[in-house]
Amino acid sequence: MNVNSYNISIVIPIYNENDSLKILLNEINSVFKNRKKPELIFIDDGSSDGSTKTLKKIVLDNTHVKLISFKKNYGKSIALNEGFNLAKGDIVITMDGDLQDDPKEIFSLIDKLNQGYDMVSGWKKNRKDPISKRWPSKIFNFVLRIATGLKIHDFNCGLKAYKKIVVNSITLYGGLHRYIPALAGQKNFSVSEIVVNHRPRK
Ligand code: UDP
Ligand code: MG
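Residues numbered from 1 in each chain as written. Chains lettered and ligands numbered in written order. Predicted model: local features only at pLDDT ≥ 70, side-chain atom pairs only at ≥ 80, totals over all residues. Heavy atoms only, no water.

What should I look at first to understand the side chain of D45 in this one?
One can find D45 in strand β2 (residues 39–45). Of the buried charged residues, D45 lacks a salt bridge, with K72 as the closest side chain of opposite charge at 9.3 Å. Once you skip the residues sitting within four places of it in the chain, D45 turns out to touch I14, Y15, F70, K72, N73, Y74, G75, K76 and A79. (Helix = DSSP H or I, 4+ residues; strand = E, 2+ residues; numbered from the N terminus. Buried < 20%, exposed > 50% of the residue type's maximum accessible area, 1.4 Å probe, protein only. Lys, Arg positive; Asp, Glu negative; His and termini not counted. Salt bridge = Lys/Arg side-chain N within 4 Å of Asp/Glu carboxyl O. Contact = heavy atoms within 4.5 Å.)

Where do I start with the packing of helix α1 (residues 21–31) against helix α2 (residues 51–61) in this structure?
Packed helix pairs are specified by the crossing angle of their axes together with the interaxial distance, meaning the distance between the axes. Two elements in contact, α1 and α2, have axes whose closest approach is 10 Å; the angle formed by their N-to-C orientations is 35°. Packed against α1, whose contacting residues are L21, K22 and L25, the element α2 presents S51, T54, L55 and I58 at the interface. The residue makeup of the contact of α1 with α2, split by class, is 4 nonpolar, 2 polar and 1 charged. (Axes fitted to C-alpha atoms, helices over the stretch in contact; angles between N-to-C directions. Nonpolar A, V, L, I, M, F, W, Y, C, P; charged D, E, K, R; others polar.)

Would you take a moment to explain unusual backbone geometry for this structure?
Negative phi values dominate among residues other than glycine, just as trans dominates among peptide bonds. Positioned with a positive phi, L99 is a non-glycine residue whose angle comes to about 70°. Relative to the elements of secondary structure, L99 occurs in the loop between β4 (91–94) and α4 (106–113). Judged by relative accessible area, L99 falls into the buried class, the value being 13%. Even without being a glycine, N188 presents a positive backbone phi close to 70°.

Looking at this model, I keep getting lost on the coordination of the magnesium ion (ligand 2). Mind explaining?
Ideal coordination angles are 109.5 degrees for a metal with four donors arranged tetrahedrally and 90 or 180 degrees for a metal with six donors arranged octahedrally. Looking at the magnesium ion (ligand 2), one finds its protein donor set to be D98 (OD) and Q100 (OE1), positioned 2.1 to 2.3 Å from the metal centre. Q100 shares its class with D98; the two are buried. (Donors = N, O, S within 2.8 Å, 3.2 Å for Na, K, Ca; no water.)

Would you mind showing me how to read the packing of aromatic side chains here?
Here a ring pair, both rings aromatic, is described through the centre-centre distance and the interplanar angle of the planes. Inspection of the entire model under this criterion finds 4 aromatic pairs. Pairing F70 with Y74 gives two aromatic rings, centres 5.3 Å apart and planes at 85°, and the pair type is edge-to-face. Of the residues examined, Y74 reaches a relative accessible area of 45% and is grouped as partly exposed. Look at F84 and Y162: their rings are 5.4 Å apart centre to centre, the planes differ by 70°, and that puts the pair in the edge-to-face class. With F84 in helix α3 (residues 76–86) and Y162 in strand β6 (residues 160–163), the pair connects residues that are 78 residues apart, well separated along the chain. Of the residues examined, F84 reaches a relative accessible area of 2% and is grouped as buried. Here Y162 falls in the buried class, since its relative accessible area comes to 0%. When the ring centre of F107 is taken as origin, the NZ or CZ atom of R35, which lies over that ring, is 3.5 Å away. (Phe/Tyr/Trp six-rings, centres within 6.5 Å; stacked < 30°, edge-to-face > 60°. Lys NZ or Arg CZ within 6 Å of the ring centre and 35° of its normal.)

So this is what it looks like as structure tokens:
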């Protein structure tokens, strides 16, 4: 098999998630157990909690895992952007590295994508975060829904699936990761969403 031929790339930004990394890797591996391995790309966004060492070890032990390492913290948008640049898969998945996103949802997102959408966003309908995060987010999403005309409830869900052309067409920096469905919509890509399981941050 050509090592560069991946159908699915999974891009995961990591800033100080050392306690989650091995659990996350095992969860993803078990979801893909009887399938072709995905290309797994971790972006270490200047972690200082030992994530860097753990990720280097994971890369040595797993040929399907790639690592981009930042010497300092550039933020989630830049991390995702670098991951998008490296991703070889026809389908690109993003998810957070803090175990709040459930890898079991990856194939539900892809099923929806295969119904003919360019991008599918997760909707944390039953969001396991404190009210101080949930209310500002409701207002943010309401305003974006009106401004963009997209029927998306959760623009900023970490768990998303894209056709390769979408990640090749958008550039992320600053806080733009919060607006990705809007950026995609602006470029005439079709955007849909599905409800996804969300877990509390441990
Ligand atoms: N993250 C990152 N750089 C940062 C902040 C966060 O790469 O400067 C990563 C973080 O490790 C996690 C994801 O982005 O994998 C989402 O971060 P967080 O859980 O803090 O965001 P929230 O769930 O509140 O949206
Ligand atoms: Mg989180």
